[in-house]
Amino acid sequence: MLGSHEHAVIDAHSSRASRWLRERRLRLALWIAVLEGIVVALERNVGKWTVLFLAIAVLAVYMFVVRNIRWDAGRQIAWILAASQSLALLVVILVFIVKVFAIILVIAFAVIALAYLFLDLRRT
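It should be emphasised that the depicted structure is a prediction, and the values quoted were computed from it without experimental measurement. (Residues numbered from 1 in each chain as written. Predicted model: local features only at pLDDT ≥ 70, side-chain atom pairs only at ≥ 80, totals over all residues. Heavy atoms only, no water.)

### Let's talk about the pattern of salt bridges
Our working definition: For this document, the term salt bridge refers to a Lys or Arg side-chain nitrogen within 4 Å of an Asp or Glu carboxyl oxygen. For helices the rule is a DSSP run of H or I covering at least 4 residues; for strands it is a run of E covering at least 2, with both sets numbered from the N terminus onward.
The full count for this structure, using the stated rule, is 3 salt bridges. In this structure, Asp72 and Arg22 form a salt bridge, with 2.8 Å as the shortest nitrogen-oxygen distance. Of the two residues, Asp72 is situated in helix 3 (residues 72–123) and Arg22 in helix 1 (residues 16–42); the sequence distance between them amounts to 50 residues. Among the ionic contacts, a cluster of salt bridges with common partners joins Arg22, Asp72 and Arg75.

As structure tokens, this is what we get:
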């Protein structure tokens, strides 16, 4: 068991920039996804299809190209971009699910209201 002064193993092929990116890559990916979500929400020209196609393109590049990149910082940047696009796509999917659920609730409430009104009509 290591004492209170644990030393992290440093990859021989990593640079200071790649280690900095690796330590912060999840946080960076989350912030990029948040910013992209804000842009999609506010900008009419950027929609869910743009996010979908961008995510597919970035993930395809990540899956087929990144394994050949020898530059560690480049791999970290590619991971950050792929993760942020996956998160942005997840947000688009969740918004779609919530929207469908909201529509189903509105329909259910309308059916219940109509049923109540027609049942009440028979009593009056």
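### Description of helix 1
What counts, and what does not: A helix's residues, less one, multiplied by 1.5 Å, set its expected span. Working definition for bend: take the seven residues up to and ending at a residue and the seven starting at it, fit an axis to each, and measure the angle between the axes. For every residue, the accessible area obtained with a 1.4 Å probe (protein chains only) is divided by the maximum for its type, and the residue is called buried under 20%, exposed over 50%, and partly exposed between those limits.
A rise of 1.5 Å per residue sets the reference length of helix 1, with its 27 residues, at 39 Å; its end C-alpha atoms lie 37 Å apart and thus fit the reference within 8%. Maximal helix bending in helix 1 amounts to about 65°, located at Arg24. When we look at burial in helix 1, the residues that qualify are Ser18, Leu21, Ala29, Ala33 and Glu36.

### A short note on the side chain of Glu36
Let me state the cut-off plainly: Here a polar contact means two N or O atoms within 3.5 Å. Within protein one must be a hydrogen donor candidate and the other an acceptor candidate, and residues neighboring in sequence count only if both atoms are side-chain atoms. Whether two residues are in contact is decided by their heavy atoms: any pair within 4.5 Å suffices.
With respect to the helices and strands, the residue Glu36 is situated in helix 1. On the basis of relative accessibility, which here comes to 14%, the residue Glu36 falls in the buried class. Polar contacts involving the side chain of Glu36 include one to the side chain of Gln85, which spans 2.7 Å. Once you skip the residues sitting within four places of it in the chain, Glu36 turns out to touch Val51, Leu54, Gln85 and Ala88.

### A look at the packing of aromatic side chains
The test is simple: Working definition: a ring pair exists when centres of Phe, Tyr or Trp rings (six-membered ring for Trp) sit within 6.5 Å. Plane angles under 30 degrees give stacked, over 60 give edge-to-face, the rest tilted. Whether a charge sits over a ring comes down to the Lys NZ or Arg CZ being within 6 Å of the ring centre and within 35 degrees of the ring normal.
Across all of its chains, the model carries 1 aromatic pair by this definition. Here the guanidinium or amino end of Arg25 rests over the ring plane of Trp79, the centre of that ring lying 4.4 Å away.

### So, the environment of Leu52
Note that Leu52 resides in helix 2 (residues 48–65). With relative accessibility at 25%, the residue Leu52 sits in the partly exposed group. Remark: the alpha-carbon pair of Leu52 and Val92, spanning 40 residues in sequence, is separated by 8.3 Å.

### Some remarks on the side chain of Gln85
Mapped onto the fold, Gln85 is located in helix 3. If we ignore the near neighbours within four places in the chain, the residues touching Gln85 are Glu36, Val51, Leu54, Ala55 and Val58.

### Let's talk about the confidence of the model for the chain
Worth spelling out the cut-off: As a per-residue measure, pLDDT reflects the predictor's confidence and takes values from 0 up to 100.
Scored by pLDDT, the chain comes out at a mean of 83, with 88% of its residues at no less than 70. Per-element averaging of pLDDT across the chain places helix 1 at the bottom with 86 and helix 3 at the top with 89.

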